[in-house]
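Given next are the chains, with one letter for each unit.
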Amino acid sequence: MHLEPTVKPKNKNIGRLVVKCSDKPGIVSAISHFLYKHNANIIESSQYSSDPEGGTFFIRIEFHLNDLINKRKTVEDNFAPLVAKFAMEHYFSYGDQIKRSAIFVSKETHCLLELLWEWQSGDLETDIALVISNHETARSTVESLGIPFYYIPANKDIRAEVEAKQIELMKEHKIDLLILARYMQILTPHFVSEFPNKIINIHHSFLPAFIGANPYERAFERGVKLIGATSHYVTNDLDEGPIIEQDIERVDHRDAVVDLKKTGQQVERRVLAKAVKWHLQDRIIVKNNTTIVFQ
């Protein structure tokens, strides 16, 4: 039996509107007036312009509207003229709609455990629909929480077959977000193309330093004084997708590789958890190969 997360869906009368368009005067006024006309109360608003003279404008608004569940279609339909006027890319999301996530993991489980803890404590607004791994290490932990666990061995020789099965599971479980919690496999362009800006990875270095495998060993050889981690969306370029969050901890010459890994894993856990939370709350907008993050 799949346990329900302790997090409760936000008030069904809470909505979010995320907009991206060319910057020009009147956008904020038009959106605010639109929501006011529909008796919506703005409870959070964040905006950013890349350049006030012809740049790109981004805004995220969270609002409250009584009986929103029955009014959302009217609100969306009535917003169409503003979309046309300002040539907006936009979407609405709603507090009663909890996104469904899949977690991919290999042998190291520290990031998975952090996400499960956040989920159990009610701080991760998602339904963890399944966990996929190319090792059996995490099975007992995952299944003890009532979450389906799929062991799918993976290597370069059977990659097409493995990814076909994984894509099938993503569709079967209606997954909105794929979380690579130290899943040590390279995804093919075909797989990535199935989930644009919906795959979040944690890389165990402060990118762009030490891209690829064994970053802690390479960091030790370079005698680094800072250990970091980076969470980013996955693209076809290894570890070069849009960065969502990064953090660091100071280390010194007394730290061996094992010490760097221990410190780094603490950073990995919190960086990945932040990135996942912000995605689930619609706080991230991708701009080319960068992100706008409204924390």
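In case you missed it, the structure is sitting above this.
Residues numbered from 1 in each chain as written. Predicted model: local features only at pLDDT ≥ 70, side-chain atom pairs only at ≥ 80, totals over all residues. Heavy atoms only, no water.

1. Looking at the overall build of the protein
Piece 1. For the protein, the count of helices and strands is nine helices and 13 strands.
Piece 2. Here the C-alpha atoms of the protein give a radius of gyration of 21 Å, agreeing with the 19 Å that 2.2 N^0.38 yields for 295 residues.
Piece 3. Summarising its shape, the C-alpha atoms of the protein cover approximately 60 × 50 × 35 Å along the three principal directions.
Piece 4. Residue burial in the protein is summarised as follows: out of 295 residues, 48% are buried.
Piece 5. Long-range contacts, defined as pairs at least 24 residues apart, comprise 69% of the intrachain contacts of the protein with a sequence gap of at least 6.
Piece 6. Accessible surface, the protein as shown: approximately 14600 Å² in total, 50% of it carbon and sulfur.
Piece 7. Averaging the positions of the 36 positive and the 39 negative side-chain charges in the protein gives two centres separated by 3 Å. (Helix = DSSP H or I, 4+ residues; strand = E, 2+ residues; numbered from the N terminus. Rg over C-alpha atoms; globule rule 2.2 N^0.38 Å. Buried < 20%, exposed > 50% of the residue type's maximum accessible area, 1.4 Å probe, protein only. Contact = heavy atoms within 4.5 Å. Areas by Shrake-Rupley, 256 points an atom, 1.4 Å probe, with all protein chains shown as cover. Lys, Arg positive; Asp, Glu negative; His and termini not counted. Charge placed at Lys NZ, Arg CZ, Asp CG, Glu CD.)

2. Quick look at the packing of aromatic side chains
Piece 1. Evaluation of the coordinates by the stated rule reveals seven aromatic pairs.
Piece 2. Considering the side-chain rings of phenylalanine 79 and phenylalanine 92, the 5.5 Å spacing of their centres and the 85 degrees angle between planes classify their relative orientation as edge-to-face. With phenylalanine 79 in the loop between helix H2 (68–78) and helix H3 (80–86) and phenylalanine 92 in strand S4 (residues 89–94), this pair connects stretches of sequence that are 13 residues apart. With respect to class, phenylalanine 79 is no different from phenylalanine 92; both count as buried.
Piece 3. A ring pair is formed by phenylalanine 92 and tyrosine 94, whose centres lie 6.5 Å apart and whose planes are at 5 degrees; its orientation type is stacked.
Piece 4. Using a relative accessible area of 13% as the deciding quantity, one classes phenylalanine 92 as buried.
Piece 5. One aromatic cluster in this structure is built from Phe34, Phe79, Phe92 and Tyr94.
Piece 6. Above the face of the tyrosine 94 ring, arginine 72 is positioned so that its terminal group lies 4.1 Å from the ring centre. (Phe/Tyr/Trp six-rings, centres within 6.5 Å; stacked < 30°, edge-to-face > 60°. Lys NZ or Arg CZ within 6 Å of the ring centre and 35° of its normal.)

3. Here's the deal with the sheet that holds S4
Piece 1. Read across the sheet, four strands follow the order S2-S3-S1-S4 without closing on themselves; strand pairing throughout is antiparallel. For this open sheet the edge positions go to strand S2 (41–49) and S4, each flanked by a neighbour on one side alone. Along the sheet, successive strands turn relative to each other by an average axial angle of 10 degrees, direction set aside.
Piece 2. Sheet topology note: the strand S1 (residues 14–22)/S4 ladder contains six bridges and is antiparallel. Within S4, the position partnered with glycine 15 by the bridge is tyrosine 94. (Pairing = 2+ DSSP bridges. Axes fitted to C-alpha atoms, helices over the stretch in contact; angles between N-to-C directions.)

4. Describing the side chain of arginine 16
Piece 1. Inspection of the secondary structure assignment puts arginine 16 in strand S1.
Piece 2. The exposure class assigned to arginine 16 is buried, which follows from its relative accessible area of 7%.
Piece 3. For arginine 16, the side chain forms a polar contact with the side chain of aspartate 282, separated by 2.9 Å. (Polar contact = N/O pair within 3.5 Å; in protein donor to acceptor, adjacent residues only side chain to side chain.)

5. A word on the pattern of salt bridges
Piece 1. Scanning the entire structure with this criterion turns up 22 salt bridges.
Piece 2. Of the charged contacts in the structure, one is a salt bridge between arginine 182 and glutamate 268, with a shortest N-O distance of 2.9 Å. Taken as a pair, arginine 182 in the loop between strand S8 (177–180) and helix H7 (189–194) and glutamate 268 in helix H9 (residues 257–280) lie far apart in primary sequence, 86 residues in all.
Piece 3. Among the residues examined, arginine 182 registers a relative accessible area of 6% and is labelled buried. (Salt bridge = Lys/Arg side-chain N within 4 Å of Asp/Glu carboxyl O.)

6. Some details on the pairing of strand S5 (residues 99–105)
Piece 1. Counting buried positions along S5 yields six of seven residues, so the element is predominantly enclosed.
Piece 2. Tracing the backbone out of S5, into helix H4 (residues 110–120) and back to the parallel element strand S6 (residues 126–133) gives a crossover that is right-handed.
Piece 3. Two strands pair when backbone bridges link them, and S5 and S8 are joined in this way by four bridges, in the parallel orientation. Residue serine 101 lies in a different strand from S8, and its bridge partner there is leucine 177. (Right-handed = clockwise from strand over helix to strand, strands pointing away.)

7. Topic: the nonpolar core
Piece 1. The biggest cluster of nonpolar side chains holds 32 residues, and the ones touching the most others in it are Ile103, Leu112, Leu115, Val131, Ile147, Leu272 and Val276.
Piece 2. Formed by 23 residues, the second largest nonpolar core is a distinct cluster that contains Val19, Phe34, Ile59 and Phe63. (Core = buried A, V, L, I, M, F, W, Y, C linked by side-chain atoms within 4.5 Å.)

8. Focus: the packing of H4 against H9
Piece 1. Between H4 and H9, whose axes approach to 9 Å, the crossing angle comes to 45 degrees. On the basis of their axis angle, the class for H4 and H9 is oblique. In this structure, H4 meets H9 at a crossing whose hand is right-handed. Contact with H4, carried on its side by His110, Cys111, Glu114, Leu115 and Glu118, involves Gln265, Glu268, Arg269, Leu272, Ala273, Val276 and Lys277 of H9 and no other residues of that element.
Piece 2. In terms of residue class, the contact of H4 with H9 is built from five nonpolar, two polar and five charged. (Parallel < 35°, antiparallel > 145°, perpendicular 65-115°, else oblique. Left-handed = near helix turned anticlockwise from the far one by under 90°. Nonpolar A, V, L, I, M, F, W, Y, C, P; charged D, E, K, R; others polar.)

9. Focus on the pairing of S8
Piece 1. Where burial is concerned, the two faces of S8 agree: the one with Leu177 and Ile179 and the one with Leu178 and Leu180 are both buried.
Piece 2. In this structure, S8 lies alongside strand S9 (residues 199–203), joined through three bridges in parallel fashion. When the sheet's bridge partners are listed, isoleucine 179 is paired in S9 with isoleucine 200.
Piece 3. One crossover worth recording links S8 to the parallel S9 by way of H7, and it is right-handed.

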